[in-house]
Protein chains: 2
Amino acid sequence: MCKSTDPKRALFAELATVARALGHEHRVELLEHLAQGERSVEALARLTGLSMANASQHLQQLRRAGLLEARRDGKFVLYRLADDGIVQLMSVLRQTAERNIATVGALLARYFDGRDGLEPIGRADLVERAQAGLVTVIDVRPREEFDLGHVPGAVSIPLEELDARLEELDPAAEIIAYCRGAYCLLAVEAVVRLRAKGFSARRMEDGMPEWRAAGLPVVAG
Amino acid sequence: MCKSTDPKRALFAELATVARALGHEHRVELLEHLAQGERSVEALARLTGLSMANASQHLQQLRRAGLLEARRDGKFVLYRLADDGIVQLMSVLRQTAERNIATVGALLARYFDGRDGLEPIGRADLVERAQAGLVTVIDVRPREEFDLGHVPGAVSIPLEELDARLEELDPAAEIIAYCRGAYCLLAVEAVVRLRAKGFSARRMEDGMPEWRAAGLPVVAG
DNA sequence: ACATCATTCAAGCGATAACTTGAACGTATA
DNA sequence: TATACGTTCAAGTTATCGCTTGAATGATGT
């Protein structure tokens, strides 16, 4: 009667295939890094602590699911997200996990609320205040990620250099730190340190991938 | 230096747990049915063709991931989505799959474009034309799903009854059919049959879960 | 109390996934 | 051409998943 059974099942299977690709801790971490821009297998293996072979296999799995694309550049193979919408998928997945998993809520409470009492500043707010010269925006990611794209007007101060470069910062202005995204704690760490030195500091909501996904301007190089 | 490694990994693991719960064809299908409203294990097993024990295990897996909740009603255990946001998660997952998986595109082309040349009508459009009395809206899902909630003014004509009830339909009005969602082909089948009988018919975009998620009014009973 | 029915649990089997190791492939440099 | 290095492939081990079967649990009705 209804001929939909077969193709419907096939579609469910495709959805499941994409979901299964997201269903491993290491692949989520790889995607989180790739949300910053394209990376070589070696760089990803180093960032995640995986063996090359293992990272390569996970990356191929993600590519088979259509989430990643790869291109060759010299002796390197560079992977990148196949689509900007994948950032949105990760974001919705994160929201669901936040709402549904008690342990996530507990972790957030412990690592954000406990260490970073102030609310993060929204992106729209930030643009406004930056134009008014009220805030100094710092990018605390490694410099290579800064070079691949950053918030206009932001200063690159990787977390490692923060303590040594405090004199560059204006003690009168509020300092806004950002990093890779909602679950990247580099900016939280920066805020904690800056406050300990007497600065007024907050972190930006989310991070670079969400900024990019929101269609806001990005400066590279 | 950065103490984020441990909790960050834990968060990635939580995201992966939620994603893994979506990573099986049968669980996607169960969620698709549960997007219509709460269902007993027996009903879900019947709808999906799974054994009771198997369906039960998949449902428990979804519940452990925080996607479902269960309550007891007499001798039945009724499962429901833990959160309306899960519909959104499924929707984004579907969008990603559509963009990324060639086979999904091919399936859609074959089963939608091939059989249903006209574009589906949007929800806003539908509301407007229904108020103007220009269209007849029919709900081709099984009656039990209609009873749990349907578009205001819609007539329940399960697909099985369609051929027998053609005289109820106004040949002058355009007929809009809808069912469970983007991947439910009941409405497509209805449109094909109605056109074969000379009616002017289209399907509504998506289906009941998305209608509900869009905040549009729903009538029950 | 007993029978009934929906659901869950427990055990067992086959299949798949994750990780490691070592070798093979491709590209750049000496 | 030979070497080095990034990447991928292939094989093997361990662990987990999916499904079935049969028994156990929990609520209902006779």
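See the structure printed just above.
A short tour of the structure in this document, coming up.

Remarks on the sheet that holds strand β5 (residues 155-156) of chain B
Strand pairs in the sheet, formed through backbone hydrogen bonds, run parallel or antiparallel to each other. All names here are of chain B. Pairing is parallel in the open sheet, where 4 strands are placed in the order β5-β4-β6-β7. The sheet is open, and its two edges are formed by β5 and β7 (201-207), each paired on a single side. Its contacts with the sheet place helix α9 (residues 186-196) against β4 (135-139), β6 (174-179) and β7, and it is angled at close to 175° to β7.

Quick look at the side chain of R123 of chain B
Within the fold, R123 of chain B resides in helix α7 (residues 123-131). In this structure R123 of chain B touches E205, D206, E210, W211, A214 and L216 of chain B, once residues within four positions along its chain are discounted.

Here we look at the pairing of β6 of chain B
Residue and element names in this part refer to chain B. Among the 6 residues in β6, 6 count as buried, and that is most of the element. Because side chains alternate across β6, one face comprises the buried residues E174, I176 and Y178, and the other comprises I175, A177 and C179, equally buried. With 5 bridges joining them, β4 and β6 adopt parallel strand pairing. Residue pairing in the sheet places I138 in a bridge with A177 of β6. Pairing of β6 with β7 involves 4 bridges; the strand directions are parallel. Its bridge partner being in β7, I175 is matched across the sheet by A201.

Points about the pattern of salt bridges
Counted under the stated rule, the structure contains 33 salt bridges over all chains. Across the salt bridge formed by R39 of chain B and E145 of chain B, the nearest N and O atoms sit 3.7 Å from each other. Of this pair, R39 of chain B sits in strand β1 (residues 39-40) while E145 of chain B sits in helix α8 (residues 143-148), placing them 106 residues apart in sequence. Both residues of the pair, R39 of chain B and E145 of chain B, count as buried. The partner of R123 of chain B in a salt bridge is E205 of chain B, and the shortest N-O contact between them spans 3.9 Å. Placement of R123 of chain B in helix α7 and of E205 of chain B in strand β7 is noted, with a sequence separation of 82 residues between them. Overlapping salt bridges bring together D125, R129, E174 and R202 of chain A as one network.

Brief notes about the protein's contact with DNA strand C
Taken together, 22 residues are adjacent to DNA strand C, and H58 of chain A together with V41, E42, S56 and Q60 of chain B come closest. Sugar plus phosphate, as a fraction of atoms of DNA strand C within 4 Å of the protein: 82%. Residue S56 of chain B places a side-chain N or O atom 2.6 Å away from a phosphate oxygen belonging to DNA strand C. Contact distances for DNA strand C include 3.4 Å between a phosphate oxygen and a backbone N or O atom of V77 of chain B.

Notes on the side chain of E32 of chain B
Position of E32 of chain B among the secondary structure elements: in helix α2 (residues 25-34). The side chain of E32 of chain B sits in the buried core without any salt bridge; R94 of chain B is the nearest counter-charge, 6.0 Å away. Not counting chain neighbours up to four residues away, the residues in contact with E32 of chain B comprise F12 of chain A together with M90 of chain B.

Considerations on the pairing of strand β4 (residues 135-139) of chain A
Residues and elements named next belong to chain A. Among the 5 residues that make up β4, 5 are buried, leaving the element largely enclosed by the rest of the structure. Neither face of β4 is exposed, since V135, V137 and D139 on one face and T136 and I138 on the opposite face are all buried. Here β4 runs beside strand β5 (residues 155-156); their pairing, made up of 2 bridges, is parallel. Bridge pairing in β5 links D139 to S156.

Quick notes on the protein's contact with DNA strand D
Neighbouring DNA strand D are 22 residues, the closest being E42, S56 and Q60 of chain A together with H58 and Q61 of chain B. Sugar and phosphate atoms constitute 78% of the interface atoms of DNA strand D, taking the interface as everything within 4 Å of the protein. Within the side chain of S51 of chain B, a nitrogen or oxygen atom sits 3.4 Å from a phosphate oxygen of DNA strand D. Contact between DNA strand D and Q61 of chain B: a phosphate oxygen at 3.0 Å from a side-chain N or O atom of the residue. For the surface near DNA strand D, the secondary structure elements donating two or more residues are α3 (41-48), α4 (52-64) and β3 (76-81) of chain A together with α2 and α4 (52-64) of chain B. With 5 residues, the single largest contributor to the surface near DNA strand D is α4 of chain B. Within the surface near DNA strand D, the residues separate by chemical class into 7 nonpolar, 11 polar and 4 charged.

Rules behind the numbers
Throughout, residues of each chain are indexed from 1 in the direction in which the sequence is written. To read the labels, note that chains go from A and ligands from 1, taken in the order they are written. Local features are withheld for residues below a pLDDT of 70 in this predicted model, meaning they are given only at 70 or higher, and side-chain atom pairs are given and counted only at 80 or more; totals for whole chains, interfaces and linings count all residues. Only hydrogens and water are set aside; all other atoms, that is, all heavy atoms of the structure, feed into the side-chain values. Any two strands with at least two DSSP-identified bridges between them are counted as paired. Secondary structure follows DSSP: runs of H or I at least 4 residues long count as helices, runs of E at least 2 residues long count as strands, and numbering of each begins at the N terminus. In this analysis, two residues are considered to be in contact whenever any of their non-hydrogen atoms come within 4.5 Å of each other. Interaxial angles span 0 to 180 degrees and are taken between N-to-C directions of axes, which are lines fitted to C-alpha atoms, for helices over the stretch in contact. Remark: exposure states derive from per-residue accessible area (1.4 Å probe, protein chains only) relative to the maximum for the residue type, with buried under 20%, exposed over 50%, and partly exposed in between. In what follows, salt bridge is the name for a side-chain nitrogen of Lys or Arg lying within 4 Å of a carboxyl oxygen of Asp or Glu. Note on terminology: near, applied to a residue and a molecule or strand, indicates that one of the residue's heavy atoms is within 4 Å of it. In protein, a polar contact means a hydrogen-donor-capable atom and an acceptor-capable atom, both N or O and within 3.5 Å, with residues adjacent in sequence counting only if both atoms are side-chain atoms; elsewhere, any N or O pair within 3.5 Å suffices. This count recognises Lys and Arg as positive and Asp and Glu as negative, with His and chain-terminal groups excluded. Think of it as three bins: nonpolar holds Ala, Val, Leu, Ile, Met, Phe, Trp, Tyr, Cys and Pro, charged holds Asp, Glu, Lys and Arg, and polar takes everything else, Gly as well.

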